[in-house]
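Spelled out from the first residue to the last, the chains are:
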Amino acid sequence: ADMEKGTYEHYMLKEVDEQPAVMRRLVKEYTNEQGELVVDSTITERLNMSDRVYIVACGTSWHAGWVGKQLIEQLAGVPVEVHVASEFAYNMPLISEKPFFIFISQSGETADSRQVLVKVNELGYDSMTMTNVAGSTLSREAIHTMLLHAGPEIAVASTKAYTAQIATLAILAKAAGMASAKVEAEQFDLVHELGLVAAGMERLVGEKDMISSLVKEKLSETRNAFYIGRGLDYFVSMEAALKLKEISYIQAEGFAAGELKHGTIALIEEGTPVIGVITEEETGAHTRGNLKEVESRGASTLVVSMEGLEREGDGIVLPKVHSLLTPLVSVVPIQLIAYYASLQRGLDVDKPRNLAKSVTVE
Ligand code: G6P
């Protein structure tokens, strides 16, 4: 049934809508009868034994990896590096003494990531693949696997796999932190928090008409656009820009809000859309400052903010969720922005030009 579009015009929209169900499915898959989170203990042991985690991925999976870094460092207390596979392969950093490699790949078939895994195996390092496809190449060739349980993702632009990756990384981080008795992990009721995320996502996917009109107003004419944020909001901004580029062909960049003034602000012209993502109080105040700076140079701004931090005039207000899980809700309207920008331009939403669902050449 997952392969059917049903009443949907596009797979992408169906997959965006499936995200609350995927969150709930993940909780089910990774809890025992007592409702406690369970992850294969050899995985959490190996992660905790390591002195450094290396996340290797491409595209949207790489963006999820950045959120994973935050989760693993904060909940499990192990330092994490995040690498683009095609760079890591030829420009390998100095590896720590006891590394643990995590390959994140929706398809489990991406050649760039596989190339790194082959090297990692040659070097005898411990590895895990986090993938949506059981039995995929990366899953077979890594020592451990965690599945995303997102169901088949057909649209080229990845949506539910991204949120499933973040939720699965949170599950891994929490389980590893529990296994090493980290207070941060013990105090984080992830099962409950993912329930709130699912409910929040449900509300957001119900706001399609509003988002479609915002896109008409803000993005219909433009050839370029910027997303800005700090911390997790920066990582989501990178994914937001990628989504927009992939299917609407609007040249988009996701920027660390504070870095904009160090060069990129030169690109701001009358009417240039700049979208700010704000889910955290302290950094959010700074991002608001950065939005003011671009507004005074003519930018047309739009704010996606979290309940409690919203100000009058913000375009999209997100339901409040735990501070470590904000990307799971902030990305939903952002996916819909890309969807409507593509749709309104009359483009092929599910099969954008030049792109493949999974890239099996280096
Ligand atoms: C392709 C897809 C992207 C995806 C990337 C990595 O470029 O178009 O949507 O993020 O590959 O794919 P993977 O299957 O490894 O997550």
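Residues numbered from 1 in each chain as written. Predicted model: local features only at pLDDT ≥ 70, side-chain atom pairs only at ≥ 80, totals over all residues.

Per an unreviewed UniProt entry, the chain goes by the name Glutamine--fructose-6-phosphate aminotransferase [isomerizing] and belongs to Vagococcus intermedius. On record in UniProt, under Subcellular location (unreviewed entry), the comment for the chain is "Cytoplasm". According to UniProt, the comment filed for the chain under the heading Subunit (unreviewed entry) is "Homodimer." (UniProt positions renumbered as here; feature names shortened; annotations may be inferred.)

A. Geometry of the site of the ligand. Near the ligand you find 15 residues, and of these Gly59, Thr60, Ser105, Ser107 and Thr110 are the closest. When residues of the shell around the ligand are assigned to their parent elements, the largest contribution, three residues, is made by helix 4 (residues 59-76). Residue composition of the shell around the ligand, grouped by class: four nonpolar, 10 polar and one charged. (Near = placed C-beta within 6 Å. Helix = DSSP H or I, 4+ residues; strand = E, 2+ residues; numbered from the N terminus. Nonpolar A, V, L, I, M, F, W, Y, C, P; charged D, E, K, R; others polar.)

B. Looking closely at the pairing of strand 1 (residues 52-57). Of all six residues making up strand 1, five are buried, and the element is well covered by its neighbours. The pairing of strand 1 with strand 2 (residues 80-84) spans five bridges and is parallel. Bridge pairing links valine 53 to valine 80 in strand 2. Note on the crossover from strand 1 through helix 4 to strand 2: the handedness is right-handed. (Buried ≥ 20, exposed ≤ 12 C-beta atoms within 10 Å, placed from the backbone. Pairing = 2+ DSSP bridges. Right-handed = clockwise from strand over helix to strand, strands pointing away.)

C. View of the sheet that holds strand 3 (residues 99-105). Read from one edge to the other, the open sheet built from five strands follows the order 2-1-3-4-5, with strand pairing classed as parallel. Each edge of the open sheet is held by one strand with a lone partner, namely strand 2 and strand 5 (144-147). Sheet twist, expressed as the mean angle between neighbouring strand axes with direction ignored, is 20 degrees. Relative to strand 5, strand 4 (residues 126-131) is paired through four bridges, and the arrangement is parallel. Paired with threonine 131 across the strands is leucine 147, a residue of strand 5. Relative to the sheet, helix 6 (residues 111-122) contacts strand 1, strand 3 and strand 4, its axis offset from that of strand 3 by approximately 155 degrees. (Axes fitted to C-alpha atoms, helices over the stretch in contact; angles between N-to-C directions. Contact = placed C-beta atoms within 7 Å.)

D. Local environment of helix 13 (residues 281-295). Here helix 13 contains 15 residues, and its C-alpha end-to-end distance of 21 Å stays within 8% of the 21 Å for a straight helix at 1.5 Å per residue. Every buried residue of helix 13 is accounted for by Gly284, Thr287, Asn290, Leu291 and Val294. Each buried residue of helix 13 sits inside an arc of 115 degrees when the element is viewed along its axis, so together they form one side. Of the exposed residues in helix 13, those oriented more than 90 degrees away from the buried face are Glu281, Glu282, Ala285, Gly289 and Lys292. On its buried face, helix 13 sits against strand 6 (224-229), helix 12 (232-248), strand 8 (273-278) and strand 9 (300-306). (Expected span 1.5 Å × (residues − 1). Arc of directions from axis to C-beta.)

E. Here's a closer look at the sheet that holds strand 9. The strand order across the open sheet built from five strands is 7-6-8-9-10, with neighbouring strands paired in parallel fashion. Each having just a single partner strand, strand 7 (251-256) and strand 10 (316-318) make up the two edges of the open sheet. Averaged over neighbouring strand pairs, the angle between their axes works out to 20 degrees when direction is ignored. Both strand 6 and strand 7 contribute to a ladder of six bridges, which runs parallel. In the strand pairing of strand 7, phenylalanine 226 is matched with glutamate 253. On top of the sheet, helix 13 reaches strand 6, strand 8 and strand 9; it is set at about 170 degrees to strand 8, its chief contact.

F. Spatial organisation of unusual backbone geometry. Notably, histidine 149 is not glycine yet its phi reads approximately 50 degrees, a positive angle. Along the polypeptide, histidine 149 turns up in the loop between strand 5 and helix 8 (160-179). Of note, the phi angle at alanine 181 is positive, near 55 degrees, even though the residue is not glycine. Residue class for alanine 181 comes out exposed when judged on the 8 C-beta atoms lying within 10 Å of it.

G. Here's a closer look at the packing of helix 8 against helix 14 (residues 326-344). Where helix 8 contacts helix 14, the axes come no closer than 9 Å and their chain directions differ by 170 degrees. With respect to their mutual orientation, helix 8 and helix 14 come out roughly antiparallel. Facing helix 8, whose interface residues are Tyr162, Thr163, Ile166 and Ala167, helix 14 presents Pro327, Leu328 and Val331. Looking at the contact of helix 8 with helix 14 residue by residue, the class counts come to six nonpolar, one polar and no charged. (Parallel < 35°, antiparallel > 145°, perpendicular 65-115°, else oblique.)

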